[in-house]
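# Survey of secondary and tertiary structure
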Amino acid sequence: MSDLTYPQAIVMGLLQGVTELFPVSSLGHSILVPAWLGGDWEKLVTESDSAGHTPFLAFVVALHVATAVALVLFYWRDWVRIVGGFISSLRHRSIEGDDARLAWLIIVGTIPVGIVGLIAEKPLRVVFATPLAASIFLFLNGLVLLTAELLRRRTAAGRRRTAAGRHAAQPSGNDRAMTSLTMWEAVGIGACQILALLPGISRSGVTISGGLLRRLVHEDAAKFAFLLATPVILAAGLLKIPELFGPEGHGIGGQVLVGSLCAFVAALAAVAFLARWFHTRTLYPFVVYCVLAGAISIVHFA
């Protein structure tokens, strides 16, 4: 079986840190990039030892935890307020204030993917963990992002026409704040993360799309997506951390540390970039990338 080298750990760590947060699917890229490179890279994903142990999967678990830690660090002020709001809501037995409301929106938003993930994550990864499947889902991911942008634009245009027809003196209020979401809307947006169990479908991409369809601005849709993703990514990683202390993690301790550090730095840079990007820009560049990369990969691996 091919051993995980330090250069591979660095590349895969950087790749994970960026693609987990960019709306392009980290799971899809963890399959497609080694498949495109071939040789020892492809063996990282496809090979296991005689007992069925796959060190690469244990390695990826550590990368996810590092990515989640980067998200917590970047939004630490928000998390302090969110945790404080949650504690306050328990103490007073009521949801009062934006911080408490946001805490419960995140809680209810993580329930659907938490349940489905525990039941179906491994079967889905086994069935669809092929380069061709990842290529198809990456292409579909681009179409999802495109659909969300087009529907949001059409909805906004319709509301502007309605406001103009009523001779409104003020804008009609196309955009909403995160804390204006209902609990059921949070459940719906959070449930979008279930699609990310399929390699090639981006967790951040589908949740940002869900937020846009509920009339959040791009900046708030992205922030809500990252806040929703943090407990899911962290919990999924921590549940599998014991694998690193078993046969799967044997002999790759140094590579795990190096790769995790790279993932942490890359994720921190990625979330800082995206927070600025979505302040004024849209998902369209990611649409183009996913559609083109997915289409080319489909042709290559078909």
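Residues numbered from 1 in each chain as written. Predicted model: local features only at pLDDT ≥ 70, side-chain atom pairs only at ≥ 80, totals over all residues. Heavy atoms only, no water.

It is worth spelling out the overall build of the chain at this point. Helices and strands together make up the secondary structure of the chain, namely 12 helices and zero strands. When the helices and strands of the chain are placed in sequence order, the string is α-α-α-α-α-α-α-α-α-α-α-α. Counting every position in the chain, which comprises 302 residues, the buried fraction comes to 48%. Of the accessible surface of the chain, which amounts to about 14,500 Å², a share of 67% is contributed by carbon and sulfur atoms. (Helix = DSSP H or I, 4+ residues; strand = E, 2+ residues; numbered from the N terminus. Buried < 20%, exposed > 50% of the residue type's maximum accessible area, 1.4 Å probe, protein only. Areas by Shrake-Rupley, 256 points an atom, 1.4 Å probe, with all protein chains shown as cover.)

Here helix 2 (residues 26–37) spans 16 Å end to end across 12 residues, near enough to the 16 Å set by a 1.5 Å rise per residue. Within helix 2, nine of the 12 residues are buried, which leaves the element mostly enclosed by the surrounding structure. Within helix 2, burial applies to S26, L27, G28, H29, S30, I31, L32, P34 and A35. For helix 2, the side-chain oxygen to backbone nitrogen distance between the N-cap and G28 is 2.9 Å, and the N-cap itself is S25. (Expected span 1.5 Å × (residues − 1). Polar contact = N/O pair within 3.5 Å; in protein donor to acceptor, adjacent residues only side chain to side chain.)

Evaluated as defined, the whole model comprises eight aromatic pairs. Each member of the aromatic cluster is reached from another via a ring pair, and the members are F22, F273, W277, F278 and F286. Over the face of the ring belonging to W277 we find R281, whose NZ or CZ atom lies 5.0 Å from the ring centre. (Phe/Tyr/Trp six-rings, centres within 6.5 Å; stacked < 30°, edge-to-face > 60°. Lys NZ or Arg CZ within 6 Å of the ring centre and 35° of its normal.)

Before going further, it helps to examine the packing of helix 10 (residues 218–240) against helix 11 (residues 253–280). Remark: helix 10 packs on helix 11, axes separated minimally by 7 Å, with the N-to-C direction vectors making an angle of 150 degrees. Relative to helix 11, the element helix 10 lies roughly antiparallel. Once helix 10 is placed against helix 11, the crossing between them reads as right-handed. For the pair helix 10 and helix 11, the contacting residues are H218, E219, A222 and F226 in the first and V271, L274, A275, F278 and H279 in the second. (Axes fitted to C-alpha atoms, helices over the stretch in contact; angles between N-to-C directions. Parallel < 35°, antiparallel > 145°, perpendicular 65-115°, else oblique. Left-handed = near helix turned anticlockwise from the far one by under 90°. Contact = heavy atoms within 4.5 Å.)

This part covers empty space enclosed by the protein. A full pass over the atoms with the stated rule returns one cavity of 30 Å³ or more. Space inside the largest cavity adds up to approximately 60 Å³. Elements with a minimum of two residues in the lining of the largest cavity: helix 1 (6–19), helix 2 and helix 4 (55–74). Here the residues of the lining of the largest cavity sort into six nonpolar, five polar and no charged. (1 Å grid on protein atoms, 1.4 Å probe; cavity = no way out; pocket = protein on both sides within 12 Å on 5 of 7 lines; lining within 4 Å. Points joined across faces, edges and corners; volume = space filled by probe spheres on them. Nonpolar A, V, L, I, M, F, W, Y, C, P; charged D, E, K, R; others polar.)

To continue, consider a nonpolar patch on the surface. On the surface, a nonpolar cluster with roughly 570 Å² of combined accessible area is contributed by I111, I115, L118, I119 and L239. Residue contributions to the nonpolar patch peak at four residues, all from helix 6 (residues 98–128). On the secondary structure map, I119 appears in helix 6. (Patch = residues over 30% accessible without salt bridge, like charges linked within 9 Å, V, L, I, M, F, W, Y side chains within 5 Å. Salt bridge = Lys/Arg side-chain N within 4 Å of Asp/Glu carboxyl O.)

Here the focus is the nonpolar core. Within the largest apolar cluster, 46 residues are counted, with the highest numbers of intra-cluster contacts made by L21, I106, I208, F224, F226, F278 and F286. Here this core gets nine residues from one element, more than from any other, and that element is helix 10. Aside from chain neighbours lying at most four places away, what touches I208 is A221, A222, A225, F278 and L283. Listed in part, the 17 residues of the second largest apolar core include A9, L15, F56 and A66. (Core = buried A, V, L, I, M, F, W, Y, C linked by side-chain atoms within 4.5 Å.)

If you check the backbone angles, R93 has positive phi at about 55 degrees while not being a glycine. The residue R93 is located in the loop between helix 5 (76–92) and helix 6 in this model.

Moving on, we come to the packing of helix 9 (residues 203–213) against helix 10. The interhelical angle for the contact between helix 9 and helix 10, taken along N-to-C directions, is 135 degrees, at an axis separation of 8 Å. In terms of axis orientation, helix 9 runs oblique to helix 10. For helix 9 against helix 10, the interelement crossing comes out right-handed. Contacts between helix 9 and helix 10 involve R203, S204, T207, I208, G211 and L212 on the former and, on the latter, H218, A221, A222, A225, F226, A229, V232 and I233. Its residues assigned to classes, the contact of helix 9 with helix 10 comprises nine nonpolar, four polar and one charged.

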